[in-house]
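# Observations on the three-dimensional arrangement
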Amino acid sequence: MSGASGSSSVPVYEPSPGDHFGPLIERRDDADFPFYDGTPTALSARQWILMWASVVVGFAALVLIPQPGNLVALIPRILFVGIPLAVLALVTHEHWTALFRKVRGRDVLTMIGFALLNLAVTFALALVVQALFGVASNKAVDDAGEGGALDTVAFYVGTGIQLVGEEVFTIVPFLALMYFLVAKARLSRKTAIVLAWLISAVWFGTAHLPTYDWNFAQAFIVIGGARLVLTLAYIRTKNLCVSTGAHIINDWTLFTQAVVAHAALLVL
C-alpha cells in the first residue's frame, strides 16, 4: 500500500470479513471505502482536516457568491465541487479518482432503486414533519422553469453539478470520520460506518438549515433522513457515481414536476 507524501506514519487498518455488513447492505465485490485504511493511498490526520476544510470552502463559495440567474450560478456551483476535488487531487495525486468507480448496468438499477426509495422516505417524513412542525418551501424547486428555456437548461446543468458537489460535501467527511474512528479511536469498521453515516447526515442537514428558513425538524428529519438513504447507496457500492446518480434522479424528478406545472400555467 503506497502512502501520500508525509503520511507514512498513518496506521493502516486491515478489515476482516466479519467487519463487513451482509449482502443486503454491502455488495460482495471486495470493494472497500478509499483512503481511510491507507488504500489506495494514506492521508494523515492533518490532510483529512484539510480535506474537510476544503468542502467548507466550496460550500462557502456556493452560498456566498451572488447568483442572479442560473447561468451565473454555474460559477459557484462549479467551485462547490471543484475546490474539494482539487484539494483531494493535491493530497492524493492520481488517486483522487478512487471516489468514482466504473458504472455498470446494475449500478444504474441501484441508482433508480435508491432514488425511488429516497422519494418515498422523503415524502413520508415530510408528511410527519408538516403535521407536527410545519415545513418551509424550497425556493429552487418553486422557481424551476420560470426563467425561460435557456435559464431552465442552465438550471438543470447547474443543479446536476451542484448535486455532485453535495455528494462530495457528504462523502469526504464520511471518509474522514471513518479514518478517525478506525485508525485513531480504534473502533470496528462496522461501528465506524454507522457513526460516520449518522454524523455525516447531521452535517448535511445542518448545511440545509438556511434553505428551509432554519426549520430544524425539516433540515434534520426530512433532509437528514433523505441523506441517510443516499449515503446507503455509497456504502453499498463504494461509488460516488451511484449516490450522485440517485441524488440527481431524485431531485430532477421534483424539479421537473415544478417545470411542468409552470409550463401548464403559461398555457392556461
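That block above? That's the structure.
Keep in mind that what you see is a predicted model, and the values were worked out from it rather than measured.

## Description of the overall build of the chain
What the chain contains, in helices and strands, is eight helices and zero strands. Reading the secondary structure of the chain in the N-to-C direction produces α-α-α-α-α-α-α-α. For 268 residues, the compact-globule formula gives about 18 Å, and the C-alpha radius of gyration of the chain, at 19 Å, lands near that figure. Dimensions of the chain, computed from C-alpha atoms along their principal axes, come out at roughly 65 × 35 × 35 Å. For the chain, buried positions account for 45% of its 268 residues. In the chain, the share of contacts with a sequence separation of at least 24, taken over all contacts with a separation of at least 6, comes to 76%. Taken as a whole, the chain presents about 12700 Å² of accessible surface, with 71% of it coming from carbon and sulfur.

## Structural notes on the side chain of Asn239
Relative to the helices and strands, Asn239 resides in the loop between α7 (216-237) and α8 (240-267). A polar side-chain atom of Asn239 sits 2.9 Å from the main-chain amide nitrogen of Cys241. Beyond its immediate chain neighbours, meaning those up to four positions away, Asn239 contacts Leu99, Phe100, Arg101, Lys102, Val103, Asp107 and Tyr234.

## What about the packing of aromatic side chains?
Inspection of the entire model under this criterion finds 16 aromatic pairs. An angle of 65 degrees between the planes, with centres 4.9 Å apart, marks the rings of Phe155 and Phe255 as edge-to-face. Of this pair, Phe155 sits in helix α5 (residues 149-184) while Phe255 sits in helix α8; the two residues are 100 residues apart in sequence, bridging distant segments of the chain. Given a relative accessible area of 4%, Phe155 falls into the buried group. For the pair Tyr179 and Phe180, a centre-to-centre distance of 5.1 Å together with 70 degrees between the ring planes defines the contact as edge-to-face. When its relative accessible area of 28% is taken as the criterion, Phe180 is described as partly exposed. Grouped by ring-pair contacts, the aromatic residues Trp52, Phe59, Phe80, Phe169 and Trp203 constitute a single cluster.

## Digging into helix α3 (residues 105-132)
Since one α-helical turn is 3.6 residues long, residues separated by three or four positions face the same way. Here α3 is 28 residues long and its end C-alpha atoms lie 41 Å apart, about the 40 Å a rise of 1.5 Å per residue gives. Within the sequence span of α3, burial applies to Asp107, Thr110, Met111, Phe114, Ala115, Asn118 and Val129. Among the residues trailing α3, Gly134 stands out with phi positive, at a value near 85 degrees.

## Things to note about the nonpolar core
The nonpolar side chains of soluble globular proteins are, as a tendency, buried together. Core analysis: the biggest nonpolar cluster contains 42 residues, and Phe33, Trp48, Met51, Phe174, Leu175, Met178 and Tyr234 have the highest contact counts within it. Contributing elements (two or more residues each) for this core: α1 (45-64), α2 (74-92), α5, α6 (189-207) and α7. Sort the elements by how many residues they give to this core and α5 lands first, with 13 residues. Not counting the four nearest positions on each side in its chain, Met51 is found in contact with Leu43, Pro84, Val87, Leu88, Val91 and Val172.

## A word on the environment of Val57
Tracing the chain through its elements places Val57 in helix α1. Taking the C-alpha atoms as reference points, Val57 and Arg46, 11 residues apart in sequence, are found 16 Å from one another.

## Points about a nonpolar patch on the surface
Residues Val128, Leu132, Phe133, Val202, Trp214, Phe216, Phe220 and Ile221 make up a contiguous nonpolar surface patch of roughly 820 Å² in combined accessible area. Elements with a minimum of two residues in the nonpolar patch: α3 and α7. Secondary-structure assignment places Ile221 in helix α7.

The rules behind these values
Residues numbered from 1 in each chain as written. Predicted model: local features only at pLDDT ≥ 70, side-chain atom pairs only at ≥ 80, totals over all residues. Heavy atoms only, no water. Helix = DSSP H or I, 4+ residues; strand = E, 2+ residues; numbered from the N terminus. Rg over C-alpha atoms; globule rule 2.2 N^0.38 Å. Buried < 20%, exposed > 50% of the residue type's maximum accessible area, 1.4 Å probe, protein only. Contact = heavy atoms within 4.5 Å. Areas by Shrake-Rupley, 256 points an atom, 1.4 Å probe, with all protein chains shown as cover. Polar contact = N/O pair within 3.5 Å; in protein donor to acceptor, adjacent residues only side chain to side chain. Phe/Tyr/Trp six-rings, centres within 6.5 Å; stacked < 30°, edge-to-face > 60°. Expected span 1.5 Å × (residues − 1). Core = buried A, V, L, I, M, F, W, Y, C linked by side-chain atoms within 4.5 Å. Patch = residues over 30% accessible without salt bridge, like charges linked within 9 Å, V, L, I, M, F, W, Y side chains within 5 Å. Salt bridge = Lys/Arg side-chain N within 4 Å of Asp/Glu carboxyl O.

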